[in-house]
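Results of the structural survey
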Amino acid sequence: QQPVQSPQAVILREGEDAVINCSSSKALYSVHWYRQKHGEAPVFLMILLKGGEQKGHEKISASFNEKKQQSSLYLTASQLSYSGTYFCGTLGNTGKLIFGQGTTLQVKP
Amino acid sequence: GAGVSQSPRYKVAKRGQDVALRCDPISGHVSLFWYQQALGQGPEFLTYFQNEAQLDKSGLPSDRFFAERPEGSVSTLKIQRTQQEDSAVYLCASSINRVGPSGANVLTFGAGSRLTVL
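Here is what the cut-offs are and how they apply
- Residues numbered from 1 in each chain as written.
- Chains lettered and ligands numbered in written order.
- Predicted model: local features only at pLDDT ≥ 70, side-chain atom pairs only at ≥ 80, totals over all residues.
- Heavy atoms only, no water.
- Helix = DSSP H or I, 4+ residues; strand = E, 2+ residues; numbered from the N terminus.
- Rg over C-alpha atoms; globule rule 2.2 N^0.38 Å.
- Buried < 20%, exposed > 50% of the residue type's maximum accessible area, 1.4 Å probe, protein only.
- Contact = heavy atoms within 4.5 Å.
- Lys, Arg positive; Asp, Glu negative; His and termini not counted.
- Charge placed at Lys NZ, Arg CZ, Asp CG, Glu CD.
- Pairing = 2+ DSSP bridges.
- Buried area = accessible area lost by both parts, 1.4 Å probe.
- Salt bridge = Lys/Arg side-chain N within 4 Å of Asp/Glu carboxyl O.
- Polar contact = N/O pair within 3.5 Å; in protein donor to acceptor, adjacent residues only side chain to side chain.
- Nonpolar A, V, L, I, M, F, W, Y, C, P; charged D, E, K, R; others polar.
- pLDDT = per-residue confidence, 0-100.
- Disulfide = S-S within 2.5 Å.

Time to look at the overall build of chain A. When helices and strands are counted, chain A shows zero helices and 11 strands. In chain A, the succession of helices and strands from N to C terminus is β-β-β-β-β-β-β-β-β-β-β. At 13 Å, chain A has a C-alpha radius of gyration in line with the 13 Å of a compact globule built from 109 residues. The dimensions of chain A, computed from C-alpha atoms along their principal axes, are 40 × 25 × 20 Å. Split into buried and exposed, the 109 residues of chain A put 48% on the buried side. The long-range share in chain A, meaning contacts at least 24 apart out of those at least 6 apart in sequence, stands at 54%. When the 11 basic and 7 acidic side-chain charges of chain A are each reduced to a single mean position, those positions are 8 Å apart.

All names here are of chain B. The alternating pattern of strand β3 (residues 19-24) places Val-19, Leu-21 and Cys-23 on a buried face and Ala-20, Arg-22 and Asp-24 on a face that is not buried. Sheet topology note: the strand β1 (residues 5-7)/β3 ladder contains three bridges and is antiparallel. Looking at β3, one finds that Ser-7 is bridged to Arg-22. Relative to strand β8 (residues 75-79), β3 runs antiparallel, the two being bridged by five bridges. If you follow Val-19 over to β8, its bridge partner there is Ile-79.

Residues and elements named next belong to chain A. Its place among the elements puts Gly-92 in the loop between β9 (84-91) and β10 (97-99). Classification of Gly-92 by relative accessible area gives buried; the value is 16%. With 63 residues separating them along the chain, Gly-92 and Tyr-29 place their C-alpha atoms 5.4 Å apart.

Of the residues lining the interface, 23 residues belong to chain A; the matching set on chain B comes to 24 residues. Summing both partners gives a buried area of about 1,700 Å² for chain A against chain B, and 60% of it is carried by carbon and sulfur. Taken as a group, Pro-42, Lys-96 and Phe-99 of chain A account for 27% of the area that chain A buries against chain B, more than any other trio of residues on that side. Our count for the contact surface shared by chain A and chain B stands at one salt bridge. The partner of Asp-56 of chain B in a salt bridge is Lys-96 of chain A, and the shortest N-O contact between them spans 3.1 Å. Along the contact surface separating chain A from chain B lie five residue pairs in polar contact (both at pLDDT 80 or more). When contributions to the side of chain A that touches chain B are tallied by element, the ones reaching two or more residues are β4 (30-36), β5 (43-49), β9 and β10 of chain A. With four residues, the single largest contributor to the side of chain A that touches chain B is β4 of chain A. Among the residues making up the side of chain A that touches chain B, the classes are represented as 12 nonpolar, 10 polar and one charged.

Of the residues in chain A, 94% reach a pLDDT of 70 or more, and the chain-wide mean stands at 89. When the elements of chain A are averaged for pLDDT, strand β6 (residues 54-57) of chain A gives the smallest value, 64, and strand β11 (residues 103-108) of chain A the largest, 97.

With that out of the way, let us pick up the state of the cysteines. Residues and elements named next belong to chain A. Enumeration according to the criterion identifies two disulfides over all chains in this entry. Through a disulfide, Cys-22 is tied to Cys-88; the S-S separation comes to 2.0 Å. The chirality of the disulfide connecting Cys-22 with Cys-88 is right-handed, given an S-S dihedral of about 75°. Linking Cys-22 in strand β3 (residues 18-23) with Cys-88 in strand β9, this pair joins segments that are 66 residues apart in sequence. As far as burial versus exposure is concerned, Cys-22 and Cys-88 are alike and both buried.

Within the element layout of this structure, Gln-5 of chain A appears in strand β1 (residues 4-6). Sequence spacing of Gln-5 of chain A and Ser-63 of chain A is 58 residues, and the spatial spacing of their C-alpha atoms is 14 Å.

Structural data, given as structure tokens:
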């Protein structure tokens, strides 16, 4: 089952913060976050494994609540370069990564 | 190579034609995945390989879709008798890890092959 992301789209000014949520109806081994710019390949941001850990990349961090089967991506003090579509990918026991429908982030000057 | 290479980048086919899309994964990467991405949507899983073995093809939309990786490196996705609904970007990704629920499977994606069926 495809994970559900919210919101579908976000528009920010430079320096503002945003949160993108990802939830699954299935038990998860891990959650992966990717960013894709228009016409380009999705680029790996981070993996969160079981254990409720948080990870960081630049000023982007994420959390994973395995009991709730949810993950959140936090973008702080957003920069123009953060614009793109963010996908969460969930890994269950099949070993294949299933992606959400994406959240489009637009950062304006 | 330095990254995952896909060719052609753009393909226009007439309805009913057969197409072949090629993926050159990163050298030494064990796992290879194919995804289909429709406009404005997330990548949808099609199939994956571990070396030359196709372990899961549950995402292939119909028997017109066929993928192979005969020597465990380059992979080809073939679509027979293309239909308009096949129009999408086809993404290939590879990983150094074996596929499994361990969770550490970082995928490196290629830029994709954009297929337009007229």
